[in-house]
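# Structural overview for review
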Amino acid sequence: MPPRLVGHQGSLAGQQFPIGAAPLTLGRNGDNSVVITVGNVSRFHAEVRREGHGFVLYDSGSSNGTRVNGTRVTSHELRPGDLIEIGTETFRFEAVDTMETILDLSVLAPLTPSEETLAEGSVLNVTVSGGGPVGLSFALLLEHLMGPRVAVTVHDGRWVQDGAKVVWKTEGQGNVRRQQVVTVQSRQYLNLPEEVQARLFRGDAYTEMWPVGPDSLRGHKPRNLRIAYIEDTLLELANEKRGRIRLVPDVFDPAAHDEADARDHVLAICEGGRSRTREHYIDRFGNADTSIYSLHGRHIQDVVLGLRVKSTLTDPMTVLLTVAQNRFLLNALRGQGFLNMRLTDAEAAEVVGIDPVRHVFEECIASRPCVMGRDDHGDFQCPTHSTLFLPAMVRGSALWKRVLEGLTLFGVAERDLSAVTAFRLDMVQRPRFTTRLRPATSTSPGTYGFLLGDAANAIHFWPGRGLNSGLGSAISLARSLNGAWTGRPFRDADFARHEAAMSMLQYRHKSRAWNTMITTDENGVSRPIKEKIAQSIEESEGVKDLDRKADTDAFMERLRGIRDRLASRVPGMPDDATLRNHLEKLGSSTLRTLLESGAWDTLIVGGEEVDIDIFYRQDAAPPKDPRTGPRPDPTRAPATN
């Protein structure tokens, strides 16, 4: 006899509702398994799911709540005899005993030999803290690889329940969505499930702005997408996997998790660079080391001003101007994206908001960070703190004048600057990414914790670099779990390949980021690029006798050299006359600063990339591109230098 709900009191008394492999849903809507038309019942009120060794009741965010044995619950692991109250209806959960709840095979589809372990309840229970692109990609990939052998729960406080679905909160609900454009490399997206690829790369949702490089597999270009679109698409897909992926619209609480939930085999921490969960377990993961990313005992940190813009330049022109200097970087989707401006320390100190009522300064834009959009008066206002971006209000502000010069460089009218934000880039060396959080006991399976995404390696300045590293980490862990799970407690040795892959990702991506933060002067001494920019500003601004012709000629020579290297991979590059005419729009001091900031050193930051496949090639068939079918083993593509 399968486990079931039996009507105990109310209009459904005596009716039986068997609980199978799919969730049993209860609510007012006619699409539910159990339709309740009386009392204060939400459209999609609650559901019962099979999870691991039993069945769990979840309230779906209903307004009037769900009670078990008289106590209101948001989730509850059911035991035989439990009474569930929804509106005016009461149901009794029936199973012969706890062992029947675990071992009754009639709730499952016919077993295949590879699924036999499910009969013993050996489902891998995974909790993910943080439902951004990395957390959701990890959940979807794990579900794709393991099917009914896994149950994933994802927590994120930026979500809210909307009927039967979980959706992103709006700005009015306190969630300012990220509109940055990121570049996803084919090395990563070709390793995502075909379903994810097909959904992400629909219609005009993406462009291929950047050329083929070392992270490009078989000539597939990097693809630009808006980060909010990625988040929406992945959450949409996860909502469709409700049988195996549970979405919890609440902040993950590691302390409560420690006390209440000993069933998890895996905790994947994907909350970002400021992860509270990682800090909660800092004694297990170890303290980060800043010394490797320091000069003369000082930890190097860049502050970047993010300007949401609409550019009139072509993609080839944008690529050329970006690679030719170290002050500005534009990443866009059909001209719309963020222009990132590397700031000097003096400029970073100016990145503040002012409260127009209390006349006090706030560092919200630099410390949170907040996104300040244009209001009806044309000012940039923080919706969270009601502050205004001070440099834009003080028209004599040196920083704002330089911002406007950056807009000119990339063909952006001032009216097409719609928002400003800021973020910090500083890197640390992490000693480990995998740790045992709880040992296995006679009553619990033991839990392993993992750092993924920015919680492991925060890398931001080149748009998408952090996301690509995060996707690589998610792909590696999903493959390790799929290969190692046998229903028995994990061992450290099960994750040797994953830990090696994470160390490689840390070395490769952070070494590249480090080389975009520092340079070497004529004496061979390393110094931050921001200091070189600051020195150029100090020496050139206000000086009337700058040799503009010589600076233009030198910059043109640099542009021609980059154009010659990229022309075969980026068709439509501008000619000399177009470039010279464009440079004439810039102030002389700006031109000097761009020249002295140096070009992106693609020779140093290029080269061989981290190939996750080398650790797992024997475990799975090669991934596919939905447009072209199965792909052969990857080969190295030409470098970008």
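Definitions and limits used
Every chain is numbered on its own, with residues counted from 1 as its sequence reads. Only residues with pLDDT of at least 70 are given local features in this predicted model, and only at 80 or more are side-chain atom pairs given and counted; all residues enter the totals for whole chains, interfaces and linings. To get the side-chain values, take all heavy atoms of the structure and skip hydrogens and water. Every helix listed is a DSSP run of H or I at least four residues long, and every strand listed is a run of E at least two residues long, numbered separately from the N terminus. Relative accessibility under 20% of the residue-type maximum defines a buried residue, over 50% an exposed one, and the middle range a partly exposed one, all with a 1.4 Å probe and only protein chains included. Should any heavy atoms of two residues lie within 4.5 Å, those residues are considered in contact. What counts as a ring pair is set by centres within 6.5 Å for rings of Phe, Tyr and Trp (its six-membered ring), and what kind of pair is set by the plane angle: stacked under 30 degrees, edge-to-face over 60, tilted for all other angles. Consider the ring centre and the ring normal. A charge sits over the ring if Lys NZ or Arg CZ is within 6 Å of that centre and within 35 degrees of that normal. Strands were regarded as paired on the criterion that DSSP finds at least two bridges between them. Orientation is described by axes fitted as lines to C-alpha atoms, over the contacting stretch for helices, and by angles from 0 to 180 degrees between their N-to-C directions. A pair is scored as a salt bridge if a Lys or Arg side-chain nitrogen falls within 4 Å of a carboxyl oxygen belonging to Asp or Glu. In protein, a polar contact requires one atom able to donate a hydrogen and another able to accept it; more generally it is a pair of N or O atoms within 3.5 Å, and residues adjacent in sequence count only if both atoms are side-chain atoms. Multiplying 1.5 Å by the helix residue count minus one yields the expected span of that helix. Here is the rule for handedness: rotate from the far helix to the near one, and if that takes an anticlockwise turn smaller than a right angle the crossing is left-handed, while a clockwise turn gives right-handed. Asp, Glu, Lys and Arg are counted as charged, while Ala, Val, Leu, Ile, Met, Phe, Trp, Tyr, Cys and Pro are counted as nonpolar; the rest, among them Gly, fall into the polar class.

### With respect to the overall build of the protein
Across its full length, the protein holds 21 helices and 36 strands. The buried share of the protein, taken over its 641 residues, is 56%. Within the protein, contacts between residues at least 6 apart in sequence are counted, and of these 70% link residues at least 24 apart.

### Considering the packing of aromatic side chains
In total, this model carries 14 aromatic pairs according to the counting rule given. The interplanar angle of 85 degrees and the centroid separation of 6.0 Å between the aromatic rings of Trp159 and Trp168 together place this pair among those described as edge-to-face. According to the relative accessible area criterion, Trp168 is buried, its value standing at 8%. Aromatic rings pair up to connect Tyr448, Phe450, Trp485, Phe490 and Phe495 into one cluster. Of note, Arg223 hangs over the ring of Phe201, and the distance from its end group to the ring centre comes to 4.4 Å.

### Regarding the sheet that holds strand β10 (residues 83–86)
If you trace the six strands from one edge of the open sheet to the other, you get β2-β1-β11-β10-β7-β8, paired in antiparallel fashion. The open sheet is flanked by β2 (16–18) and β8 (71–73), the only strands paired with a single partner. Averaged over all pairs of adjacent strands, the angle between their axes in this sheet comes to 30 degrees, without regard to strand direction. As defined by bridge partners, β10 adjoins strand β11 (residues 89–94) across four bridges and the pair is classed as antiparallel. The residue of β11 that forms the bridge with Ile84 is Phe91.

### Points about the pattern of salt bridges
It is possible for side chains bearing opposite charge to pair when their charged atoms get close. Summed over all chains, the structure comprises 31 salt bridges. The partner of Arg491 in a salt bridge is Asp494, with the nearest N and O atoms 3.1 Å apart. By relative accessible area, which is 53% here, Arg491 ends up exposed. Using a relative accessible area of 17% as the deciding quantity, one classes Asp494 as buried. The partner of Lys549 in a salt bridge is Asp553, with the nearest N and O atoms 3.0 Å apart. One end of the pair, Lys549, and the other, Asp553, are both in helix α17 (residues 548–566), four residues apart, so they sit about a helical turn from each other.

### A word on the sheet that holds strand β9 (residues 75–77)
Picture the strands of a sheet paired through backbone hydrogen bonds; they go either parallel or antiparallel. In space, the five strands of this open sheet follow the order β4-β3-β5-β6-β9, with mixed pairing throughout. Where the open sheet ends on each side, the last strands, each with one partner, are β4 (34–35) and β9. In terms of strand pairing, strand β3 (residues 24–27) meets strand β5 (residues 46–51) through three bridges, oriented antiparallel. Within β5, the residue paired with Leu24 across the bridge is Val48.

### Focus on the environment of Arg374
Inspection of the secondary structure puts Arg374 in strand β27 (residues 372–374). For the pair formed by Arg374 and Phe389, sequence separation is 15 residues and the distance between their alpha carbons is 9.8 Å. Filtering out sequence-adjacent residues up to four positions away, Arg374 remains in contact with Asp379, Phe380, Glu414, Arg415, Leu417 and Ser418. A polar contact of 2.8 Å, which involves the side chain of Arg374, links it to the backbone oxygen of Gly378. In this structure the side chain of Arg374 is engaged in a polar contact, spanning 2.9 Å, whose partner is the backbone oxygen of Glu414.

### Focus on helix α2 (residues 133–146)
Between its first and last C-alpha atoms α2 spans 20 Å; for 14 residues at 1.5 Å apiece the expected length is 20 Å, and the two agree. Burial of α2 is extensive: twelve of the 14 residues sit out of reach of the surface. Taken together, the buried positions of α2 are Pro133, Val134, Gly135, Leu136, Ser137, Phe138, Ala139, Leu140, Leu141, Leu142, Glu143 and Met146. Phi turns positive one or two residues past the end of α2, at Gly147, with a value near 55 degrees.

### Quick look at unusual backbone geometry
For His296, which is not a glycine, the phi torsion comes out positive at approximately 55 degrees. Within the secondary structure, His296 sits in the loop between β20 (294–295) and β21 (298–299). Looking at His296, the relative accessible area reads 73%, which means it is exposed. One non-glycine residue with positive phi stands out, namely Arg334, at about 50 degrees. In this structure, Arg334 sits in the loop between β23 (328–333) and β24 (336–342). Accessibility expressed as a relative area gives 46% for Arg334, which makes it partly exposed.

### A short note on the packing of α2 against helix α5 (residues 227–239)
Between α2 and α5, the least distance of the axes is 9 Å, while the angle of their chain directions is 30 degrees. Crossing of α2 against α5: the hand is left-handed. For the pair formed by α2 and α5, the contact residues are Pro133, Leu136, Ser137 and Leu140 on the first element and Ile227, Ile230, Glu231, Leu234, Leu235, Leu237 and Ala238 on the second. Each residue belonging to the contact of α2 with α5 can be placed in one class, and the counts come to nine nonpolar, one polar and one charged.

### Brief notes about the environment of Tyr293
Tracing the backbone shows Tyr293 in the loop between α8 (282–285) and β20. When the C-alpha atoms of Tyr293 and Met427 are compared, they prove to be 6.4 Å apart, with 134 residues separating the residues in sequence. Here Tyr293 is in contact with Arg298, His299, Ile300, Met427, Val428, Gln429, Gln506, Lys510, Ser511 and Trp514, once residues within four sequence places are set aside.

### Observations concerning the pairing of strand β31 (residues 434–438)
Counting buried positions over the five residues of β31 gives four, a clear majority of the element. Note: β31 against strand β32 (residues 447–451), four bridges, orientation antiparallel. By the bridge assignment for β32, Arg436 is matched with Tyr448.

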